[in-house]
Amino acid sequence: MAGKRRKFDAEFREGAVRIVAETGKPIPLVAKDLGINETTLATWVSRARAAGKAGPTGESEELARLRRENAQLKRDNKELVMERDVLKRCMVLWVK
């Protein structure tokens, strides 16, 4: 005999989909954390993506912009570290 079928309200479903979309965690992990079947969550996520509700457009654009900015800052930092090291070496040679 099968157990009772649980009903989830729309707010819970949207919250679960938002967790998957915003954190990037895998569906099985989020489903386990929430105590639901991973197939159920995967269905909710695929329906939300098909409907275009996987994440607010403004937030996803902002996230993409911040990731690009972060990558650029990392490149700039790497270049500055190399320039600093060159100046250190020049200073050592100049002092001798």
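Just above, that's the structure.
Residues numbered from 1 in each chain as written. Predicted model: local features only at pLDDT ≥ 70, side-chain atom pairs only at ≥ 80, totals over all residues. Heavy atoms only, no water.

(A) Quick peek at the nonpolar core. The biggest cluster of nonpolar side chains holds 10 residues, and these are Ala 16, Val 17, Val 20, Val 30, Ala 31, Ile 36, Leu 41, Trp 44, Val 45 and Ala 48. Those elements giving two or more residues to this core turn out to be α1 (10-23), α2 (27-34) and α3 (38-51). At four residues, the largest contribution of residues to this core is made by α3. (Core = buried A, V, L, I, M, F, W, Y, C linked by side-chain atoms within 4.5 Å. Buried < 20%, exposed > 50% of the residue type's maximum accessible area, 1.4 Å probe, protein only. Helix = DSSP H or I, 4+ residues; strand = E, 2+ residues; numbered from the N terminus.)

(B) Summary view of the packing of aromatic side chains. Within the structure shown, the criterion is met by three aromatic pairs. Judged by centre distance (5.4 Å) and plane angle (75°), the rings of Phe 8 and Trp 44 are edge-to-face. One end of the pair, Phe 8, is in the segment before α1; the other, Trp 44, is in helix α3, with 36 residues separating them in the sequence. By relative accessible area, which is 23% here, Phe 8 ends up partly exposed. Taken together, a centroid distance of 6.2 Å and an interplanar angle of 90° make the contact between Phe 12 and Trp 44 edge-to-face. (Phe/Tyr/Trp six-rings, centres within 6.5 Å; stacked < 30°, edge-to-face > 60°.)

(C) Structural detail: the packing of α1 against α3. Contact pair α1 / α3: the axes reach a minimum separation of 9 Å and the direction vectors enclose 80°. Judged on the interaxial angle alone, α3 and α1 are roughly perpendicular. Listed contacts from α3 to Phe 12, Arg 13, Ala 16, Val 17 and Val 20 of α1 are Leu 41, Trp 44, Val 45, Ala 48 and Arg 49. Residues that form the contact of α1 with α3 fall into these classes: eight nonpolar, no polar and two charged. (Axes fitted to C-alpha atoms, helices over the stretch in contact; angles between N-to-C directions. Parallel < 35°, antiparallel > 145°, perpendicular 65-115°, else oblique. Contact = heavy atoms within 4.5 Å. Nonpolar A, V, L, I, M, F, W, Y, C, P; charged D, E, K, R; others polar.)

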